[in-house]
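Understanding the architecture of this molecule
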Amino acid sequence: MAMAFRSAIRNTIALRHAFQQYSHFHSNARVLAPKVVATRVLPQHAQARLKAQDFELVQWPEDSLMPRDKLLNDVKGAEGLLCVLGDKVDKELLEAAGPSLKVVTTMSVGYDHIDIATAKKNNVKVGYTPDVLTDATADLTVLLTLAAARKMKQGIRAAENGEWREWRPNWLCGYQFSGKTLGMVGMGRIGQAVADRLRAFGIERVLYWGRREKPELKGKAEFASMDELLKESDYVVACCALTPETKELFDYEAFKKMKDTAIFANSARGGVVKQEDLVRALQEDLIAGAGLDVTTPEPLPTDHPLFKLDNCVILPHIGSATIEAREVMGDICIDNIAAGLKNEKLRCELNH
């Protein structure tokens, strides 16, 4: 009996020791889980998937810019960072993260808010979300072009403030698209999608300017010099990347070359326009109107002169703002983070 009792005691001690080892192992596993910082809450389905991932998630819960000091503190020791356009991922931030940082992914096509050179130096992979924004952004670009051409801003205001009276032959008359010429500045995926959509409205001729001529567009669009495009187009649409070559490409001299009946639309980056020159061009009726989804800065101050102009339609950078596009963007970011933590090639990786 005594021997059986002593044996039971030994077995109990052994089981307790084994349990302590098991608990210690899993405690360490939790501690060693990679840390990932997300500066925004993702759309519903992508957010659920993000929270189910096997890493320590540190996420800013507000629908606003993550405070810089908090981001600098939270990113310390992180292996992954999921950011958006408003987050400045510069040398200071990358250095604050330290050598553990493996991957940064931005929920955007643009990546000019990321210090690519420092990321490369620190062996940090950079991911982004291309392609999925094409339809959403093209749709909105067409909307802006139509809104500016058909005086949508003035029309809405007239309906709201009582200017809508009897029918008048010359009141709120804009421009049609049939038989007109479209000038695309930037003819990538989004630019081509915009051109395809506007052809359905009767656009007869499409000119485009970019880094190179695209043989695959022969018969559908004509490669032109910038001067030719500006002078001959009835609608000038910017869908180009912001580069040293395109920075403030649309200045006063550019607007002077355009027809005084021309409509300008920009869904690219605010930086491709010299904004004070656009104000002047609209005030002087050098062009008929403008539709903007992007400005400098963002958000644009509510007292900015552009808001006071009847012939300028401004939206708050919502080119990709569809449920479908944002969910896919979230999924790509999660895939990028997961691959980066394993030192694998990202689903959508910048080759820097």
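Residues numbered from 1 in each chain as written. Predicted model: local features only at pLDDT ≥ 70, side-chain atom pairs only at ≥ 80, totals over all residues. Heavy atoms only, no water.

An unreviewed UniProt entry lists the protein chain under the name D-isomer specific 2-hydroxyacid dehydrogenase, with Phascolomyces articulosus as the source organism. Comment text from UniProt for the protein chain, heading Sequence similarities (unreviewed entry), reads "Belongs to the D-isomer specific 2-hydroxyacid dehydrogenase family." (UniProt positions renumbered as here; feature names shortened; annotations may be inferred.)

Let's shift gears to helix 8 (residues 189-199). All buried positions along helix 8 are accounted for by Gly191, Ala193, Val194, Ala195 and Leu198. Looking at the buried residues of helix 8, the elements they touch are helix 6 (134-149), strand 6 (181-185), strand 7 (205-209) and strand 9 (235-238). (Buried < 20%, exposed > 50% of the residue type's maximum accessible area, 1.4 Å probe, protein only. Helix = DSSP H or I, 4+ residues; strand = E, 2+ residues; numbered from the N terminus. Contact = heavy atoms within 4.5 Å.)

Moving on to the layout of surface pockets. By volume, the second largest pocket amounts to about 190 Å³. Leu143, Leu144, Ala147, Met152, Lys153, Ile156, Arg157, Phe307, Cys312, Val313, Ile314 and Leu315 are the residues that line the second largest pocket. Of all the elements in the fold, those that place two or more residues in the lining of the second largest pocket are helix 6, helix 7 (152-161) and strand 12 (312-314). For the lining of the second largest pocket, the leading source of residues is helix 7, giving four residues. Residue composition of the lining of the second largest pocket, grouped by class: ten nonpolar, no polar and two charged. (1 Å grid on protein atoms, 1.4 Å probe; cavity = no way out; pocket = protein on both sides within 12 Å on 5 of 7 lines; lining within 4 Å. Points joined across faces, edges and corners; volume = space filled by probe spheres on them. Nonpolar A, V, L, I, M, F, W, Y, C, P; charged D, E, K, R; others polar.)

With that settled, the discussion passes to the pairing of strand 4 (residues 103-106). The side-chain alternation of strand 4 yields two buried faces, one formed by Val103 and Thr105 and the other by Val104 and Thr106. Note: strand 3 (residues 80-83) against strand 4, four bridges, orientation parallel. Directly across from cysteine 83, in strand 4, lies its bridge partner threonine 106. Crossover strand 3 to strand 4 through helix 4 (residues 91-97) is right-handed. Bridge count between strand 4 and strand 5 (residues 125-127): three bridges; the pairing is parallel. Residue valine 103 lies in a different strand from strand 5, and its bridge partner there is lysine 125. Since strand 4 and strand 5 lie parallel, the crossover through helix 5 (residues 116-121) that links them has a hand, and here it is right-handed. (Pairing = 2+ DSSP bridges. Right-handed = clockwise from strand over helix to strand, strands pointing away.)

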